[in-house]
Amino acid sequence: MREARGTETLAWITSHTFRKTAATILDEAALSARLVADQLGHSRTSMTQDYYLGRRSVDSQAAVAVDAALRDALSESENRGKTVE
C-alpha cells in the first residue's frame, strides 16, 4: 500500500481511508449492507453500517422544513433590524 501510494501526493491515503472509500462506492452502487460487509470481511453487518456506511437522505422534506425555518428567522430578524448569529 505504501509503495503504491508513494510519499507525496497520495501519502494521506491509509488502508482505512481506502476501505472507507471502497465501502462508500459499494454503498452508492446500492449494494446491500451484507454484500458490503462481506467485501470488507465483516461478519456482522451492524459493524459495517455503524462505521463505514453513511445515512442516506430518504426525503427532502426535512431539508425543506429547516430551510424554511431559517429563512423565516432571518426575515424576522431583518425586519427588526437585527442580525442572526
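Residues numbered from 1 in each chain as written. Predicted model: local features only at pLDDT ≥ 70, side-chain atom pairs only at ≥ 80, totals over all residues. Heavy atoms only, no water.

Here we look at the nonpolar core
Nonpolar side chains in soluble globular proteins generally cluster together in the buried interior.
Okay, so step 1: One finds Ala23, Ala33, Val36, Leu40, Tyr52 and Leu53 forming the largest nonpolar core, which totals six residues.
Okay, so step 2: It is helix H3 (residues 33–40) that provides the largest number of residues to this core, a total of three residues.
Okay, so step 3: Not counting the four nearest positions on each side in its chain, Leu53 is found in contact with Lys20, Ala23, Asp27, Ala33, Val36 and Thr48. (Core = buried A, V, L, I, M, F, W, Y, C linked by side-chain atoms within 4.5 Å. Buried < 20%, exposed > 50% of the residue type's maximum accessible area, 1.4 Å probe, protein only. Helix = DSSP H or I, 4+ residues; strand = E, 2+ residues; numbered from the N terminus. Contact = heavy atoms within 4.5 Å.)

Details of the confidence of the model for the chain
Okay, so step 1: Averaged over every residue, the pLDDT of the chain is 83; the share at 70 or more is 91%.
Okay, so step 2: Mean pLDDT values over the elements of the chain span from 77, in helix H1 (residues 2–5), up to 95, in H3. (pLDDT = per-residue confidence, 0-100.)

Comments concerning the pattern of salt bridges
Okay, so step 1: Scanning the model with the defined rule gives two salt bridges in all.
Okay, so step 2: Across the pair Arg34 and Asp38 runs a salt bridge whose closest N-O atoms are separated by 2.8 Å. With Arg34 and Asp38 both in helix H3 and four residues apart, the pair spans about one turn of that helix.
Okay, so step 3: Using a relative accessible area of 46% as the deciding quantity, one classes Asp38 as partly exposed.
Okay, so step 4: Asp67 is the partner of Arg71 in a salt bridge, and the nearest nitrogen-oxygen pair spans 2.8 Å. You can see Arg71 and its partner Asp67 sitting in helix H5 (residues 61–79), four residues apart, about one turn around the helix.
Okay, so step 5: What makes Asp67 partly exposed here is its relative accessible area of 36%. (Salt bridge = Lys/Arg side-chain N within 4 Å of Asp/Glu carboxyl O.)

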